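The residues making up each chain are set out below.
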Amino acid sequence: MHISLAAEPLFHLYGFTVTNSLLASFITSILLIIIAVLVSSKLNKKPGRFQTIVEVIFIFIIDLAESVGGKKARDFVPLVLTFFLFILLSNWLGLLPGFGSIGFNEIEEGHTTFVPLLRGATADLNTTLALALISVFAIQYYGVAKLKLGYFKRFLNFSNPINFFVGILELISDVAKVISFSFRLFGNIFAGEVLLAVITSLVPIIAPLPFFGLEIFVGLIQALVFSMLTLVFIQLATIEHGEAPGLDRPMARKEVEHGT
Amino acid sequence: MGPEETKMLATALVMAVGTIAPALGIGILAGKALEAIGRNPEAASKIQTNMILAIAFTEAIAIYALVVALIIKFV
């Protein structure tokens, strides 16, 4: 049974280590670019089968954004959709046969170790940490772009001691966001790979099938959770402090009264 | 018990104890959400979105346990 917590280095390029999951993430990016070029070059008013599938995904995310933040949340859709597509594709690519099974033996300090050529991109903490950092910096960026300097009132507020303490908590929670974003995705996908490896080594045929189904579902849910959390946090960062979404908004109260 | 056995035991214990609370939490969450959908089926999509979000937060605690277990096992 071959389980490795860290991604294995394949080769070095001018001192830069290329690991197998970096290779997989490049493949994911190239696939996404190819799909994007293919779809956008043949855009048609009467969509074909392929264009329809892509449109369904786009509309799903756009609807999600609008249900979270109304019409203005459309500005965040490109980022959120990129997260969704990249994570979804790399989660699902990691389940394909060949990932983790095709590789070569490397002799290191007397004993041979198996190095797979490809490893799911999101099953490596480096990839998920990068995604989490992009997400958290995007949250700050959108917050500053929308509220200008008023955004920093969230962190530094001297109006009263309680608000000052809440500001410190906000600061801590932004750091914790990086940790929870990256470990949630990495933990789920890596645990899935370990689960599949264990089941396959116990019963090689038929038994892993339902678990593959489970992993396909988990891959979708994690991609959805990552993009949705990014969306919600950006939405929270772009509203004025104290202007909490809820029943104290006159619009929301009207919606409740009309039962919509 | 040698250090190797202690490590194995610690790994198993972290997962076993660390997943009790998130399991209960996700159960309560999903139960309440289903109850809410039953009361108001028109709000199903909104409830679902918030449920998945809350489950993600709850599940994060189990993931922390998993990460600790992985660190004990492999590092």
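- Under an unreviewed UniProt entry, the name given to chain B is ATP synthase subunit c, and the organism recorded is Candidatus Woesebacteria bacterium RIFCSPHIGHO2_01_FULL_38_9.
- Of chain B, the UniProt comment under Sequence similarities (unreviewed entry) reads exactly: "Belongs to the ATPase C chain family."
- The heading Subcellular location (unreviewed entry) in the UniProt record of chain B holds the text "Cell membrane".

- Chain A has the name ATP synthase subunit a in an unreviewed UniProt entry, where Candidatus Woesebacteria bacterium RIFCSPHIGHO2_01_FULL_38_9 is given as its organism.
- Taken verbatim from the UniProt record of chain A, the Function (unreviewed entry) comment is "Key component of the proton channel; it plays a direct role in the translocation of protons across the membrane."
- As its UniProt record puts it under Sequence similarities (unreviewed entry), chain A is described as follows: "Belongs to the ATPase A chain family."

## Some remarks on the overall build of chain A
1) Next: Tallying secondary structure elements over chain A gives seven helices and four strands in all.
2) Next: When the elements of chain A are put in sequence order from the N terminus, they spell out β-β-α-α-α-β-β-α-α-α-α.
3) Next: The dimensions of chain A, computed from C-alpha atoms along their principal axes, are 65 × 55 × 40 Å.
4) Next: Of the roughly 15200 Å² that chain A leaves accessible, carbon and sulfur atoms contribute 73%.
5) Next: Separation between the mean location of the 17 positive side-chain charges and that of the 18 negative ones in chain A comes to 13 Å.

## Details of the UniProt feature "transmembrane region" (unreviewed entry) in chain B
Residue and element names in this part refer to chain B.
1) Next: In the numbering used here, UniProt assigns the feature "transmembrane region" (unreviewed entry) to residues 12-30 and 51-72.
2) Next: In this annotation, residues 12-30 is assigned 95% helix and 0% strand; the end-to-end C-alpha distance for the span is 27 Å.
3) Next: Secondary structure over residues 51-72 splits into 100% helix and 0% strand, and the C-alpha atoms at its two ends are 32 Å apart.

## A word on the environment of Asn163(A)
Residue and element names in this part refer to chain A.
1) Next: Topologically, Asn163 is positioned in helix α5 (residues 161-202).
2) Next: Take Asn163: its relative accessible area is 26%, and that puts it in the partly exposed class.
3) Next: Each C-alpha atom, one on Asn163 and one on Lys153, is 9.6 Å from the other, the two residues being 10 residues apart in sequence.

## Quick notes on the pattern of salt bridges
Residue and element names in this part refer to chain A.
1) Next: Counted under the stated rule, the structure contains three salt bridges over all chains.
2) Next: With a shortest N-O distance of 3.0 Å, Glu66 and Arg74 are connected by a salt bridge.
3) Next: Glu66 gets classed as partly exposed once you look at its relative accessible area, which sits at 23%.
4) Next: The class of Arg74 is partly exposed, set by a relative accessible area of 46%.
5) Next: Look at the salt bridges and you will find they share partners, linking Glu66, Lys71 and Arg74 into a network.

## Things to note about the pairing of strand β3 (residues 103-108) of chain A
Residues and elements named next belong to chain A.
1) Next: Where β3 lies against strand β4 (residues 111-116), six bridges are found, and the strand directions are antiparallel. Each residue of the ladder has a partner; that of Gly103, found in β4, is Pro116.
2) Next: Remark: two residues form the turn of the hairpin made by β3 and β4, two consecutive strands paired antiparallel; Glu109 in that turn has positive phi of roughly 50°.

## Here's the deal with the environment of Gly167(A)
1) Next: When you line up the elements, Gly167(A) lands in helix α5.
2) Next: Contact partners of Gly167(A), with chain neighbours within four places excluded, come to Arg154(A) and Phe155(A).

## Focus: the packing of helix α3 (residues 77-93) of chain A against helix α6 (residues 208-237) of chain A
Residues and elements named next belong to chain A.
1) Next: Two elements in contact, α3 and α6, have axes separated by 9 Å at closest approach and are oriented at 160°. Considering their axes alone, α3 and α6 lie roughly antiparallel with respect to each other. Here α3 and α6 pass one another in a crossing that is right-handed. On the side of α3, the interface is formed by Leu79, Val80, Phe83, Phe84, Ile87, Leu88, Asn91 and Trp92, while α6 contributes Ile216, Gly219, Leu220, Gln222, Ala223, Leu224, Phe226, Ser227, Thr230, Leu231 and Ile234.
2) Next: When its residues are assigned to classes, the contact of α3 with α6 shows 14 nonpolar, five polar and no charged.

Definitions and limits used
Residues numbered from 1 in each chain as written. Chains lettered and ligands numbered in written order. Predicted model: local features only at pLDDT ≥ 70, side-chain atom pairs only at ≥ 80, totals over all residues. Heavy atoms only, no water. UniProt positions renumbered as here; feature names shortened; annotations may be inferred. Helix = DSSP H or I, 4+ residues; strand = E, 2+ residues; numbered from the N terminus. Areas by Shrake-Rupley, 256 points an atom, 1.4 Å probe, with all protein chains shown as cover. Lys, Arg positive; Asp, Glu negative; His and termini not counted. Charge placed at Lys NZ, Arg CZ, Asp CG, Glu CD. Buried < 20%, exposed > 50% of the residue type's maximum accessible area, 1.4 Å probe, protein only. Salt bridge = Lys/Arg side-chain N within 4 Å of Asp/Glu carboxyl O. Pairing = 2+ DSSP bridges. Contact = heavy atoms within 4.5 Å. Axes fitted to C-alpha atoms, helices over the stretch in contact; angles between N-to-C directions. Parallel < 35°, antiparallel > 145°, perpendicular 65-115°, else oblique. Left-handed = near helix turned anticlockwise from the far one by under 90°. Nonpolar A, V, L, I, M, F, W, Y, C, P; charged D, E, K, R; others polar.

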